[in-house]
Amino acid sequence: GAQCQANWHVNWTKRGPRATRAAATCSRGAAAVPPRRRCDTRCNVISRRSPSRDRATPPAMAVTLHTGVGDLKLELFCDTAPRCSFNFLALCASGKYDGCLFHRLLPGFMVQTGDPTGTGKGGASIWGGMFPDEFHPDNAHDRRGVVSMANKGPDTNRSQFFLTFDAQPHLNDKYSVFGHLVDGLDALDALEKLPVGKKNRPTTEVFIDSVTIHANPFAERDIVLRSPHDVPG
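Computed from a prediction, not measured in an experiment: that's the story for all the values here.

Draft legend 1. Summary view of helix H2 (residues 82-93). Its 12 residues place the ends of H2 16 Å apart at the C-alpha level, agreeing with the 16 Å of an ideal helix rising 1.5 Å per residue. Where burial is concerned, most of H2 is hidden: 12 out of the 12 residues are buried. Looking only at H2, the buried set comprises Pro 82, Arg 83, Cys 84, Ser 85, Phe 86, Asn 87, Phe 88, Leu 89, Ala 90, Leu 91, Cys 92 and Ala 93. Gly 95 occupies a position one or two residues after H2 and carries a positive phi of about 80°.

Draft legend 2. Layout of helix H3 (residues 185-192). Along H3, the residues classified as buried are Ala 187, Leu 188 and Leu 191. On an axial view of H3, the arc spanned by its buried residues comes to 100°, and they lie on one face. Next to the buried residues of H3 lie strand S4 (70-76), strand S6 (104-106), strand S7 (110-113), strand S9 (161-164) and strand S10 (177-183).

Draft legend 3. Representation of the nonpolar core in the model. Within the largest apolar cluster, 41 residues are counted, with the highest numbers of intra-cluster contacts made by Val 63, Leu 65, Phe 88, Tyr 97, Phe 161 and Phe 178. Contributions of two or more residues to this core are made by strand S3 (63-67), S4, H2, strand S8 (146-149), S9, S10, H3 and strand S11 (207-213). Among the elements that take part in this core, H2 stands out by supplying 8 residues, more than any other. In contact with Phe 88, not counting residues within four places along its chain, are Val 63, Leu 65, Leu 74, Leu 76, Tyr 97, Phe 161 and Phe 178.

Draft legend 4. Region of the structure containing the packing of aromatic side chains. Applying the stated criterion across every chain yields a total of 8 aromatic pairs. Measuring from centroid to centroid gives 6.1 Å for Phe 86 and Trp 127, while their planes differ by 20°, and the two rings are stacked. With Phe 86 in helix H2 and Trp 127 in the loop between S7 and S8, this pair connects stretches of sequence that are 41 residues apart. Taking relative accessible area as the criterion, Trp 127 reaches 11% and is therefore assigned buried. Ring geometry for Phe 86 against Phe 218: centres 5.3 Å apart, planes inclined by 90°, an arrangement best described as edge-to-face. Linking Phe 86 in helix H2 with Phe 218 in helix H4 (residues 217-220), this pair joins segments that are 132 residues apart in sequence. For Phe 86, a relative accessible area of 0% translates into the label buried.

Draft legend 5. How the structure looks around the pattern of salt bridges. Applying the stated criterion across every chain yields a total of 4 salt bridges. For the salt bridge of Asp 142 with Arg 143, the shortest nitrogen-to-oxygen distance reads 3.1 Å. Take Arg 143: its relative accessible area is 30%, and that puts it in the partly exposed class. Here Arg 226 makes a salt bridge to Asp 230, at a shortest N to O gap of 3.8 Å. Using a relative accessible area of 22% as the deciding quantity, one classes Arg 226 as partly exposed. Counted as one network, the salt bridges with shared partners bring together Arg 144, Asp 189 and Glu 192.

Draft legend 6. Up close: the confidence of the model for the protein chain. Confidence along the protein chain averages 79 in pLDDT terms, with 73% of residues attaining 70 or more. This model gives residues 1-60 a pLDDT under 50, and the stretch forms 144 contacts once residues within four places in sequence are excluded.

Draft legend 7. Main features of unusual backbone geometry. A positive phi angle is found at Lys 199, which is not glycine, with a value near 55°. For Lys 199, a relative accessible area of 78% translates into the label exposed. Of note, Asn 200 is a non-glycine position whose phi angle comes to about 60°, a positive value. As for its placement among the helices and strands, Asn 200 is situated in the loop between H3 and S11.

Thresholds applied
Every chain begins its residue count from 1, and numbering advances along the sequence as written. At least 70 in pLDDT is required for a residue's local features to be given in this predicted model, at least 80 for side-chain atom pairs to be given and counted, and no such filter applies to totals for whole chains, interfaces and linings, which use all residues. Side-chain metrics rest on all non-hydrogen atoms present in the structure, leaving aside hydrogens and water. The secondary structure listing takes helices from DSSP runs of H or I that are at least 4 residues long and strands from runs of E that are at least 2 residues long, numbered from the N terminus. Helices are assigned an expected span. That span is 1.5 Å times one less than the residue count. Whether a residue is buried, partly exposed or exposed follows from its accessible area with a 1.4 Å probe, protein chains only, as a fraction of its type maximum: under 20%, in between, or over 50%, in that order. The arc under discussion is defined with respect to the helix axis, by the directions toward the C-beta atoms. We call two residues contacting when some pair of their heavy atoms lies within 4.5 Å. Here, nonpolar core refers to any group of buried Ala, Val, Leu, Ile, Met, Phe, Trp, Tyr and Cys residues whose side-chain atoms link them within 4.5 Å. Stacked, tilted and edge-to-face are the three classes applied to pairs of Phe, Tyr and Trp rings, where Trp contributes its six-membered ring and a pair requires centres within 6.5 Å; stacked means planes under 30 degrees apart, edge-to-face means over 60, and tilted covers the rest. Think of a salt bridge as a Lys or Arg side-chain nitrogen and an Asp or Glu carboxyl oxygen that are within 4 Å of each other. pLDDT is a residue-level measure of predictor confidence that goes from 0 to 100.

This is the structure:
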C-alpha cells in the first residue's frame, strides 16, 4: 500500500499502534485504506464468512482483554468494520482501555466498558471526539459475545463498547458491530452474574487490567487512518 503520513501518526509496535500527534501531509490527500475484497487475503483478516469462526482454536487475529474475572479474547471484523476496528486497536495499544471499569450491566442484555472516567459519560475516539456509525449486512447482534460500539445517538461513537449476553436483533443498524468473543465465555458468564445496583451499575467493581493485541492487519500493511472519514462507508 502507499506510504502516507497524516495529521496524527501511529507507531505500530509488537503490542499494536502507539498514537502520537504529528503535523504532516499525505501525497494522495488521504490515508491508504484496505480494499474490502482484497482484505481477506492481503491483510490476513478473518471475515464473518471464515470457517475459522467455528473452530475450537481461536483465530490468530485477536485481542485479549485481561479483566478481573478472566480473559476475554475478541476477533475483530477489520474487513467489514475497518473504522471501528482501527479505532479500537489504536485505543487498546495506546493504553486507553487499561483500568477501564465495566460500568454498566444488564443481565441477559449486555455489559459496557471503555470509559476511562468510569462514569459512562466519558471517552473519545482515537481521532478525538466522536465518529460516524459503521454498518454492514454481515455484522449483526446475533449471538452471545457480540462486540459493538456504545453510542448516545447516530454517529456518536467514541471509545465505549459493549458485549452482548444474547442475540439482540433490535440493535442492528443502530449500534456498530465490530467483533465477537472467540474465547472467554467463563469470564463473560462471571460478568453477567455480578450484582447490580442503581443505574445498572455493578456493585462489585471489575476492570480491564490490560490488553494484548495478538495480530493487527493495519500494522501489517502500515495503514494509518488519519480520519474516520478516510474509511469507505
